[in-house]
Amino acid sequence: MQEKHAVVIVAAGRGLRFGDANDFIPKQYQMLGDKCVLQHCINQFIASDLIAHIQVVINADDGELYNELIADSEKLLLAVSGGPSRQESCANGIFTLAKINPEKILIHDAARPFVTTKTIGDVIEAIRPGICALPATPINDTIKRATTSNSTIMVEETVPRDNLYLAQTPQGFIYREICQAHKKANDQGHIDFTDDAAIAEWAKMQVVLVKADPANLKITTSNDLELANRQLQLTRSNKAELMIPDIRTGNGYDVHRLIKGDGVILCGVKIPSDKKLDGHSDADVAMHAITDALLGAIGEGDIGSHFPPSDRQWKNASSNKFLNHACTLAREINGTITHLDVSIICEDPKIGPHREAMRKNIAEICGLDIKRISVKATTNEEIGAIGRGEGIAAIATATVVFGP
Ligand code: MG
């Protein structure tokens with residue numbers, strides 16, 4: 001069985017760089033698309049198969065905001081309150097997980113809503129005893145160190161950017177090790193580390209870098225939130241473009257011989273005649289073509305494989321049953337029949353007067369609006385066996401849509 005791990009999402013910050021209005025909403029509860037920033041984070045960890053427990057650390061003042069989140073997942077533990085610094089908040093979350101005692105733990109900032117399940121997996125993969133994992137991107141811009149004097153910012157030096165990286169979250173640790181490091185830092189009065197990898201470094205653990213996704217941006221200011229909204233829209237429109245609708249079509253063909261009889265059954269409607277179609281069932285050639293088309297659209301073989309002529313139970317059976325069975329099969333695999341079209345090829349009888357009754361019968365069997373059923377007829381211009389009235393042929397097309 002695959003190992004399961006835990007994540008602490010630190011969402012206790014006040015976001016002092018975000019805004020200064022008195023009634024401002026902390027950045028982790030700001031809306032990003034149709035969900036708040038924190039909800040996006042939680043959803044990403046719910047989506048990861050590697051994560052079994054999600055511990056959110058909230059500000060004691062944000063209980064109401066947090067309770068409005070919708071996250072129906074048994075992975076999500078009861079939120080705990082944070083402390084006065086990020087480090088203390090994080091420690092609260094970590095130590096709360098003692099009863100679960102996961103092997104590996106990730107620590108994630110609620111301000112990074114675009115974390116992907118790939119990054120989550122890559123970080124977990126890189127964690128080893130004594131080694132923690134940190135997602136990071138190399139710095140490409142030139143770095144300047146500056147000082148401010150009389151409101152003027154002056155460059156002091158250019159910092160060589162070789163081997164400089166930007167640290168992200170989630171950062172990953174062996175649970176027992178990061179607990180010890182946090183406890184040691186706290187015991188020695190070090191309470192202002194800005195991330196957990198820094199605590200690990202201080203505790204003489206090794207930190208390896210994992211290739212991070214530059215899209216995993218951190219929302220610090222209201223400008224970042226605007227940027228995040230644009231990024232979200234872009235991602236969604238790309239996805240929409242890639243979402244190719246799953247529409248499948250199938251075709252069906254059948255032919256039956258005409259013999260002396262008391263009426264011809266087509267699409268379940270008995271048309272008065274001194275002939276009938278010859279076959280094992282009621283020989284409804286049009287219904288057989290439609291059924292085969294539907295079976296074709298859902299990849300379920302052909303009518304003969306479901307209702308073999310050798311099976312005595314189908315002797316003289318109404319072909320309505322065959323179409324009904326194909327409809328059930330389509331529904332079982334979440335297929336929605338959107339259209340059925342059949343062409344009946346014969347010199348006689350005339351189809352026109354019975355067309356509406358045929359459409360109605362098929363629509364009822366399939367549970368479809370009659371507008372989605374088409375019955376057409378043509379002669380064979382007296383050419384060949386069908387043209388000589390020796391039999392009737394039918395050709396059909398079925399359209400089935402799959403997906404949500
Ligand atoms: Mg047949």
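An account of the accompanying structure is given in this report. Please read these numbers as outputs of a predicted model, since none were measured by experiment.

Helix and strand counts for the protein chain come out as 12 helices and 19 strands. Relative to the globule expectation of 22 Å for 404 residues, the C-alpha radius of gyration of the protein chain, 34 Å, shows a markedly less compact shape. Along the three orthogonal principal directions, the C-alpha set of the protein chain runs to about 105 × 50 × 45 Å. The buried share of the protein chain, taken over its 404 residues, is 45%. Put simply, of all contacts in the protein chain between residues at least 6 apart along the chain, 70% involve residues at least 24 apart. By element, 51% of the accessible surface of the protein chain is carried by carbon and sulfur atoms, the whole surface being about 21700 Å². Looking at charge distribution, the protein chain has the averaged site of its 42 positive side-chain charges lying 2 Å from that of its 51 negative ones.

Now for a nonpolar patch on the surface. On the surface, a cluster of nonpolar side chains totalling about 280 Å² of accessible area is made up of Tyr-253, Val-255 and Ile-395. For Ile-395, a relative accessible area of 44% corresponds to the partly exposed category.

Moving on to unusual backbone geometry. Here the amide bond leading from Thr-169 into Pro-170 is cis, since omega sits at 10 degrees, within 30 degrees of zero. The phi dihedral of Cys-267 falls on the positive side, at around 50 degrees, and the residue is not glycine. Relative to the helices and strands, Cys-267 resides in the loop between strand 14 (264-266) and strand 15 (269-271). Judged by relative accessible area, Cys-267 falls into the buried class, the value being 0%.

On to the coordination of the magnesium ion. Distances from the magnesium ion to its protein donors, Asp-254 (OD), His-256 (NE2) and His-288 (ND1), fall at 2.0 to 2.3 Å. Along the chain, the residues that donate to the magnesium ion are spaced as D-x1-H-x31-H. Residue His-256 is located in strand 13 (residues 246-260), and its partner His-288 is located in helix 8 (residues 285-297); the two are separated by 32 residues in the primary sequence.

On to helix 11 (residues 355-366). Counted at 1.5 Å a residue, the expected span for helix 11 with its 12 residues is 16 Å, and the 17 Å between its end C-alpha atoms agrees. Within the sequence span of helix 11, burial applies to Met-358, Arg-359, Asn-361, Ile-362, Ala-363, Ile-365 and Cys-366. The inward-facing, buried residues of helix 11 abut strand 14, strand 15, helix 8, helix 10 (320-332), strand 17 (335-345) and strand 18 (373-378). Among the residues trailing helix 11, Gly-367 stands out with phi positive, at a value near 65 degrees.

Now for the pattern of salt bridges. In the structure shown here, the tally under the stated rule is 13 salt bridges. Between Lys-118 and Asp-122 there is a salt bridge, with its nearest N and O atoms 2.7 Å apart. Here Lys-118 and its partner Asp-122 are both found in helix 4 (residues 117-126), four residues apart, which amounts to about one turn of the helix. Since its relative accessible area comes to 27%, Asp-122 is described here as partly exposed. A salt bridge links Glu-390 to Arg-388; the nearest nitrogen and oxygen atoms lie 2.8 Å apart. Residues participating in the shared-partner salt-bridge network are Arg-86, Asp-109 and Asp-196.

Generally speaking, a soluble globular protein has its nonpolar side chains buried in company with each other. Membership of the largest hydrophobic core comes to 48 residues, with the highest contact counts inside it found for Leu-266, Cys-267, Leu-323, Ile-344, Met-358, Ile-362 and Ile-392. Residue contributions to this core peak at nine residues, all from helix 8. Look past the residues within four positions of Leu-266 in its chain and what remains in contact with it is Ile-271, Leu-277, Asp-284, Val-285, Ala-286, Ile-344, Ile-351, Met-358 and Ile-392. Tyr-29, Ile-124, Ala-133 and Val-210 belong to the second largest nonpolar core, which has 26 residues in total.

Here we come to the packing of helix 10 against helix 11. Two quantities define a packed helix pair, namely the angle between the axes and the distance from one axis to the other. Relative to each other, helix 10 and helix 11 sit at 40 degrees, their axes nearing to 9 Å. Classed by the angle they form, the pair helix 10 and helix 11 counts as oblique. Crossing geometry of helix 10 relative to helix 11 is assigned as right-handed. Here Asn-320, Leu-323, Asn-324, Cys-327 and Arg-331 of helix 10 come into contact with helix 11, specifically with Asn-361, Ile-362, Ile-365 and Cys-366. A class-by-class count of the residues in the contact of helix 10 with helix 11 yields five nonpolar, three polar and one charged.

Once that is clear, we can look at the packing of aromatic side chains. Considering all chains together, one arrives at four aromatic pairs under this definition. For the ring pair Phe-307 and Phe-322, a centre distance of 4.3 Å and an interplane angle of 25 degrees mean the geometry is stacked. Within this pair, whereas Phe-307 is found in the loop between helix 9 (303-306) and helix 10, its partner Phe-322 is found in helix 10, the two being separated by 15 residues in sequence. One exposure class covers both Phe-307 and Phe-322, and it is buried. Here a set of aromatic residues connected by ring pairs shows up, and it is made of Phe-307, Trp-314 and Phe-322. Its end group placed over the ring of Trp-202, Lys-184 keeps NZ or CZ at 5.5 Å from the ring centre.

About the thresholds
- Residues numbered from 1 in each chain as written.
- Predicted model: local features only at pLDDT ≥ 70, side-chain atom pairs only at ≥ 80, totals over all residues.
- Heavy atoms only, no water.
- Helix = DSSP H or I, 4+ residues; strand = E, 2+ residues; numbered from the N terminus.
- Rg over C-alpha atoms; globule rule 2.2 N^0.38 Å.
- Buried < 20%, exposed > 50% of the residue type's maximum accessible area, 1.4 Å probe, protein only.
- Contact = heavy atoms within 4.5 Å.
- Areas by Shrake-Rupley, 256 points an atom, 1.4 Å probe, with all protein chains shown as cover.
- Lys, Arg positive; Asp, Glu negative; His and termini not counted.
- Charge placed at Lys NZ, Arg CZ, Asp CG, Glu CD.
- Patch = residues over 30% accessible without salt bridge, like charges linked within 9 Å, V, L, I, M, F, W, Y side chains within 5 Å.
- Salt bridge = Lys/Arg side-chain N within 4 Å of Asp/Glu carboxyl O.
- Donors = N, O, S within 2.8 Å, 3.2 Å for Na, K, Ca; no water.
- Expected span 1.5 Å × (residues − 1).
- Core = buried A, V, L, I, M, F, W, Y, C linked by side-chain atoms within 4.5 Å.
- Axes fitted to C-alpha atoms, helices over the stretch in contact; angles between N-to-C directions.
- Parallel < 35°, antiparallel > 145°, perpendicular 65-115°, else oblique.
- Left-handed = near helix turned anticlockwise from the far one by under 90°.
- Nonpolar A, V, L, I, M, F, W, Y, C, P; charged D, E, K, R; others polar.
- Phe/Tyr/Trp six-rings, centres within 6.5 Å; stacked < 30°, edge-to-face > 60°.
- Lys NZ or Arg CZ within 6 Å of the ring centre and 35° of its normal.

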